[in-house]
Amino acid sequence: MDFYFGLAQLIGVHTLLGLSAYIVLLTGQVSLAQAGFFAVGAYAAGMLTVLAGWHLVPALGASALCGGALACAVGFPALRVKGLMLVIATLAFGEGVRLFFFNFDYQIAKGELKVGPVGGEGFRQIRFFPENGWETWEVMLFIWVFVAGAMALLWWFDRSRYGAVLRAVGEDELAAQSVGINLTAVKVSAMTVGGAIAGVGGGLYAHYTTHIEHASFNILLATFAIAYPIVGGLRSVYGTLLAVIFVQGILVEGLRFMGDWRNLLFGALIVLAMNLRPSGILGKGRHA
Amino acid sequence: MNRIAFAISVALAVGVAHAQDKTIKIAGFGAKSGPVRSFGVNSEAALVAAADVINKGGGVKLADGSKAKIAIEFYDDRCNAEEGISVIRRIAGTDALVAVGPTCSNVAEPLFGILQKKVDDASDSGLQFPVFTDVAIKVGLAKISQWAFRNVPNEMTMYNSLFYWLRTQYPGLKTVYGGVEEDFAHSRATWYIVMKDRAAASGFEVVGNTKWLLADTNFATQVREMKKANADIVAISAHPFSACGALKEMARQGVKPKVLVGLTSSSSMETLQGCAKQAEGMIIPTSFAPINKQAVAAAKTTANFKGAADLHSMAAWENVFILKQVMESERISGKPGDVQADRRKIRDGLAKLKTTDGLIGVTKRDAEGEADKPYLFVQAKKGEWKVLHNPL
Amino acid sequence: MLDFLQAVSDGVLFGATYALIGIGFTLVFGVMHKINMAYAAASVGGAYAGLLVLQVMAGAPPWLVFLGAFLAGGVLGWMVYALCFHFIPLSNPLATLMSTVGMLLLIDEVIVHVTAGMPQNYPAMFDDVMLRAGEFSMRGDLLLVFAVSVLAMIGLLALLYRTSLGLATRAVSQQPVAAQLCGIRLVRVNALTFVVTGLLGGLAGAMIGASVGTLSPLLTTPLTVKGLIVTVIGGLGSIPGAILAGLLVGGFENVLQLYRGVTERDLYVMLLLFAFLTFRPGGLFAAKSGRD
């Protein structure tokens, strides 16, 4: 049973990553910087619990703040670019964050051991959960409280005027602007909320794996961040959740009985899914 | 792969046919996807081959005196930390008694982190499951958890001995220069913690090092630095792809050190597939070469299961035999109700071991769960790894 | 100073391989306004397929391997079109973005399965030629790559501006609906664009294999990133822009490596790129702005 609880933890963490890209995608921006915010959250929370001895909950709050602040700062210059240019600009930024952590050393002595991140070798022993005796199912519930919170927030956005404004900008910027919508405010706020969600996700991720290193936050992770909402569809937050279950639950873990074919099917089934449901699992063939 | 599946199903079918036969499950895991796939494929083949040999000899003796067959089940972790954690939780949920793996140090490190740190520490809710690593080689990982053990070569001893030997063999050589794959945990640690230090300890002067990244393609600047240093010995701590790229650039720029030293993991077929011509003469310490009858037999049996024998896969082979020995000495029951107790017995048994019998000699084991394996030096010659010197 | 010049020259020459891969990305974008994320993977795949020539005919000359890669690249290009673009509505850019990412992962994994992930030695032409002037030197094989990219550019421009296929392609890229009304078969033009870029990709893959000396699935991600970077710096859809950007990226990368070391090299490249894009969002050769 622990295996399924563990898998649910992983699905929760990836759902947060996917949701962080979801809200940004609603405004029509494709951001590959989400893995960067995720990394910032991971390192922030890890350092606070391991080096400063904080409880995980305030540490995750700090992760959200760091992720959100950084995303807000990126949001302004990124406003100037659109389409593929934005994809590459955010990719460059995300990679920049990863490479920062590749060069980042900060260790303090704790007992006889030195702890903290060491550049290319990573940051080991982020063991808040086991050290405090949390069982796998307790960790799962903890993670899902955050997932449910983020989903509820975005679901509520979708029902409110703010959600309509986000989608209006995503559909047609020019039209949105001409009815008096402040593009800067909308895009930067979406980016900030996304960054904060990614920060929390990263903080949880660091405690899920107990060891983080720069290579974990590579382009592939950034690509999956946008893949979840795209594969799931942008009509509702549930699409992202379904896509994470599809990828992590079915493609990665569910297909193990296929042996060696599993790895080949991974890419092939994503291609197939996009051919069958171009607007995502939960999308109607209306628009992207 | 079909043959392995076939072998497993035959083993299972035999188990059904003789209802009194019991099976002991050992799980293997490692990378069978991505650029390091060959490691997983070879490990799996070696595990299955070793289990096959044991089963043909009757199997493992249990506490009640009956015999059980060993069944191997192998899981792919894609060399990915999250997937490695899922895999070990999945394995712990089956009736497997112990796991052998993983391939990648970046999987081993988080994975050991979710295991219980100290045995019998009730306040630590980490997973209580013994892991006996065959491949992941980054220095100093087993101390992360008392449930983690490794049977990987000790690079510190190996390079110490290699540089000492070079010192006596070529007294005229004075300087050493390093080429480091900087963004990969293993290669990086091997240069900064191991090679650099050990070369100096043997009286060589380390005149510098140059760095590149795992997926780099252009080595012009680095090799120019290397050329300027004009060292007698060049030590390359990099995995085959970038090592080959650097070696090819060295050939272009005419950098010909008197001795070329390589990274342990490069003493596999990969380097020779990529750049046999440029790697000619490279010396690497390794913990496996077919130098005696049992080593030759192990390599041959593994080849029957479509796997290549190298320092990594033969560690997997040895692990199965060590585990058999531990299971018998600790008198595991093998009954479905005693799975957790048997796992604990295996852990305690592994922790107790001071020495183990390996394919090329006796391995010493330390209190942290690490091994000090016998080793020898091999050299690339005409597309093959030839034994150059056996220091033991 | 010599170090600096040497670093620039090494980098710019190696940038020729980035330029070659960038041309393909930019061409697909120019015609269909879509990103083909699988392009670099398909190019490397083509280069691998070229190695089959050596399986069939041991000791075949390198140019035959390159020819094999060229043709295989064309086939792969068509496959990418058929599987990732043909059935997905044009109004759905996010869907084709994802389908090509899936294709990238698929091609990667097929390569891994066929070769067990082991790096493969790749034949090269002129790899033993080094042009020297005192301490200064230049790689002969990279000059060949450079020449090939220039020839490819001339060939493509000729194809676009001197043939009826080129006319149709340009018509489709500017006004797909109007082009269709004029009797141009959209699907055929799009498919042919992919075949042409695929052929070019196969050649690029072979040239990269030859200049690195070794092929590995490790190449696909960095090449995809480099290709995209080159495309945006050069200006979307601009073929000369892609070549210039490729050389620039190669040069910058190597100079930063010389002065800041390999661990910080990419960090500065990425920050420079981010700054460049925010201050000059159109790239070096910005296309005339119009409504998509």
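A short tour of the structure in this document, coming up. Every chain's residues receive numbers from 1 upward, in the order its sequence appears when written. Here every chain gets a letter starting at A, and every ligand a number starting at 1, in the order they are written. Reporting of local features is limited, given that this is a predicted model, to residues whose pLDDT is at least 70; pairs of side-chain atoms are given and counted only at 80 or more, and all residues count toward the totals for whole chains, interfaces and linings. Calculated side-chain values reflect all of the structure's heavy atoms, with hydrogen atoms and water omitted.

## Quick word on the side chain of Q9 of chain A
Spelled out, the test is: Only DSSP runs of H or I with at least four residues qualify as helices, and only runs of E with at least two residues qualify as strands; both kinds are numbered from the N terminus onward. Each residue is assigned to one of three classes by its accessible area relative to the maximum for its type, calculated with a 1.4 Å probe on protein chains only: buried under 20%, partly exposed between the two thresholds, exposed over 50%. In this description, contact between two residues means that some pair of their heavy atoms is separated by no more than 4.5 Å.
Examined against the element boundaries, Q9 of chain A turns out to sit in helix α1 (residues 2–26). Assessed through its relative accessible area of 2%, Q9 of chain A is described here as buried. For Q9 of chain A, the contacting residues outside a window of four places in its chain are T136, V139, M140, I143, W144 and Y208 of chain A together with R89 of chain B.

## Considerations on the side chain of D260 of chain A
Under the convention used in this document: Pairs of N or O atoms are called polar contacts if they sit within 3.5 Å, as long as, within protein, a hydrogen donor faces a hydrogen acceptor (for residues adjacent in sequence, only side-chain-to-side-chain pairs).
Examined against the element boundaries, D260 of chain A turns out to sit in the loop between α11 (237–253) and α12 (261–276). Side-chain polar atoms of D260 of chain A contact the side chain of K32 of chain B, separated by 3.3 Å.

## Describing the environment of D366 of chain B
Residues and elements named next belong to chain B. Assignment of secondary structure puts D366 in the loop between β13 (362–365) and β14 (371–372). Within the structure, D366 has its side chain in polar contact with the backbone nitrogen of G369 (distance 3.1 Å). Among the polar contacts made by the side chain of D366, one reaches the main-chain amide nitrogen of E370 at a distance of 2.8 Å.

## Regarding the packing of helix α10 (residues 219–232) of chain A against α11 of chain A
Residues and elements named next belong to chain A. As a reminder, the rule being used: Note on geometry: axes are lines fitted to C-alpha atoms, helical ones only across the stretch in contact, with angles between N-to-C directions running from 0 to 180 degrees. Note on terminology: angles under 35 degrees are roughly parallel, angles over 145 are roughly antiparallel, angles of 65 to 115 are roughly perpendicular, and the others are oblique. By definition, turning the near helix anticlockwise from the far helix through less than a right angle yields a left-handed crossing, and turning it clockwise yields a right-handed one. Throughout, the ten residues Ala, Val, Leu, Ile, Met, Phe, Trp, Tyr, Cys and Pro are labelled nonpolar, Asp, Glu, Lys and Arg are labelled charged, and all others, Gly among them, are labelled polar.
For the pair α10 and α11, interaxial distance at closest approach is 7 Å and the crossing angle is 115°. In terms of axis orientation, α10 runs roughly perpendicular to α11. The two elements α10 and α11 cross, and the hand of that crossing is right-handed. Taken together, the residues of α11 that come into contact with α10 (itself represented by F224, Y228, P229, V231 and G232) are G239, T240, A243, V244, F246, V247 and Q248. Among the residues forming the contact of α10 with α11, the class breakdown is eight nonpolar, four polar and no charged.

## A word on helix α10 (residues 220–234) of chain C
Residues and elements named next belong to chain C. Inclusion rule: Residue count minus one, scaled by 1.5 Å, sets the expected span of a helix.
Across its 15 residues, α10 extends 21 Å between first and last C-alpha, which sits within 8% of the 21 Å expected from 1.5 Å per residue. With 13 of 15 residues buried, α10 lies mostly within the body of the structure. Looking at the residues trailing α10, positive phi occurs at G235, about 100°.

## Notes on the sheet that holds β14 of chain B
Two orientations exist for strands paired in a sheet by backbone hydrogen bonds: parallel and antiparallel. Residue and element names in this part refer to chain B. Where we set the bar: DSSP bridges decide pairing: two strands pair if at least two such bridges lie between them.
In space, the three strands of this open sheet follow the order β12-β13-β14, with antiparallel pairing throughout. Looking at which strands have only one partner, the edges of the open sheet turn out to be β12 (355–357) and β14. Where β13 meets β14, two bridges bridge the pair, whose relative direction is antiparallel. Across the sheet, R365 pairs through a bridge with A371, a residue of β14.

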